[in-house]
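Each chain is listed here by its residues.
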Amino acid sequence: MGRPDPGEQPDPLGPPGRAESPRWRIAADAETVERDLTRLVLTLVELLRQLVERQSVRRMDQGDLSDEQIETLGVTLMRLEEAMDDLCDRFGLTPADLNLDLGPLGTLLPTDR
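Residues numbered from 1 in each chain as written. Predicted model: local features only at pLDDT ≥ 70, side-chain atom pairs only at ≥ 80, totals over all residues. Heavy atoms only, no water.

Draft legend 1. Just the overall build of the protein chain, in detail. Along the backbone of the protein chain there are 3 helices and 0 strands. Written out in order from the N terminus, the α and β elements of the protein chain read α-α-α. Residues counted as buried form 14% of the 113 residues belonging to the protein chain. Working note: accessible area of the protein chain is about 9300 Å², and carbon and sulfur atoms make up 57% of it. (Helix = DSSP H or I, 4+ residues; strand = E, 2+ residues; numbered from the N terminus. Buried < 20%, exposed > 50% of the residue type's maximum accessible area, 1.4 Å probe, protein only. Areas by Shrake-Rupley, 256 points an atom, 1.4 Å probe, with all protein chains shown as cover.)

Draft legend 2. View of helix α1 (residues 30-62). The end-to-end C-alpha distance of α1, which contains 33 residues, comes to 48 Å, matching closely the 48 Å that a straight helix rising 1.5 Å per residue would cover. Along α1, the residues classified as buried are Thr 38, Leu 42, Thr 43, Glu 46, Arg 49, Gln 50 and Ser 56. Its side-chain oxygen placed 3.0 Å from the backbone nitrogen of Thr 32, Asp 29 serves as the N-cap of α1. (Expected span 1.5 Å × (residues − 1). Polar contact = N/O pair within 3.5 Å; in protein donor to acceptor, adjacent residues only side chain to side chain.)

Draft legend 3. View of the nonpolar core. By size, the foremost hydrophobic cluster in this structure holds 6 residues: Leu 42, Met 84, Cys 88, Leu 93, Leu 98 and Leu 109. Setting aside chain neighbours within four positions, we find Leu 98 in contact with Arg 39, Leu 42, Thr 43, Glu 46, Met 84, Cys 88, Leu 93 and Leu 109. (Core = buried A, V, L, I, M, F, W, Y, C linked by side-chain atoms within 4.5 Å. Contact = heavy atoms within 4.5 Å.)

Draft legend 4. Quick look at the pattern of salt bridges. Enumeration over the complete set of coordinates arrives at 2 salt bridges. Residue Arg 49 pairs with Glu 46 through a salt bridge whose shortest N-O separation is 2.9 Å. Residue Arg 49 and its partner Glu 46 are located together in helix α1, separated by 3 residues, close to a single helical turn. Arg 49 sits in the buried class, given a relative accessible area of 4%. On the accessibility criterion, Glu 46 (2% relative accessible area) is buried. Put simply, Glu 53 and Arg 49 hold a salt bridge, and the shortest N to O gap is 2.7 Å. Taken together, the residues Glu 53 and Arg 49, both in helix α1 and 4 residues apart, mark about one turn of the helix. Via salt bridges that share partners, Glu 46, Arg 49 and Glu 53 belong to a single interconnected network. (Salt bridge = Lys/Arg side-chain N within 4 Å of Asp/Glu carboxyl O.)

Draft legend 5. Seen up close, the environment of Asp 101. Relative to the elements of secondary structure, Asp 101 occurs in the segment after α3 (95-98). Of the residues examined, Asp 101 reaches a relative accessible area of 61% and is grouped as exposed. Every residue in contact with Asp 101, bar those within four places of it in the chain, is listed here: Gly 106 and Thr 107.

Draft legend 6. Up close: the packing of α1 against helix α2 (residues 67-90). Relative orientation of the contacting elements α1 and α2 amounts to 160°, with a least axis distance of 11 Å. In terms of axis orientation, α1 runs roughly antiparallel to α2. The handedness of the crossing between α1 and α2 comes out as left-handed. Of the residues in α2, those in contact with Leu 42, Val 45, Glu 46, Arg 49, Val 52, Glu 53, Ser 56 and Met 60 of α1 are Ile 70, Leu 73, Leu 77, Leu 80, Glu 81, Met 84, Leu 87 and Cys 88. Partitioned by chemical class, the residues of the contact of α1 with α2 number 11 nonpolar, 1 polar and 4 charged. (Axes fitted to C-alpha atoms, helices over the stretch in contact; angles between N-to-C directions. Parallel < 35°, antiparallel > 145°, perpendicular 65-115°, else oblique. Left-handed = near helix turned anticlockwise from the far one by under 90°. Nonpolar A, V, L, I, M, F, W, Y, C, P; charged D, E, K, R; others polar.)

Here it is, written out as structure tokens:
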């Protein structure tokens, strides 16, 4: 116990009940948290939807599917895309809002949609 080592970094959470510097605080209200969580969930769903769509197109191109399976898959993918558009409208989001910027890696989703 005693004095902290001068080279030691302080605990960002600090002792309970002690005010911390603003850089460690997160300013969030319930509405912002809900919108951001919705955005994250819809981003993950959209990523999965696009991956399934690409895989489906690959399988169609390889000839692995019957005409009936292709028709069913096409209708299902269209309905899923419409459902995503409806959810985005419901929560006031655009497809661009779902495309997370990963810094030097670029964006999460392709921008050709």
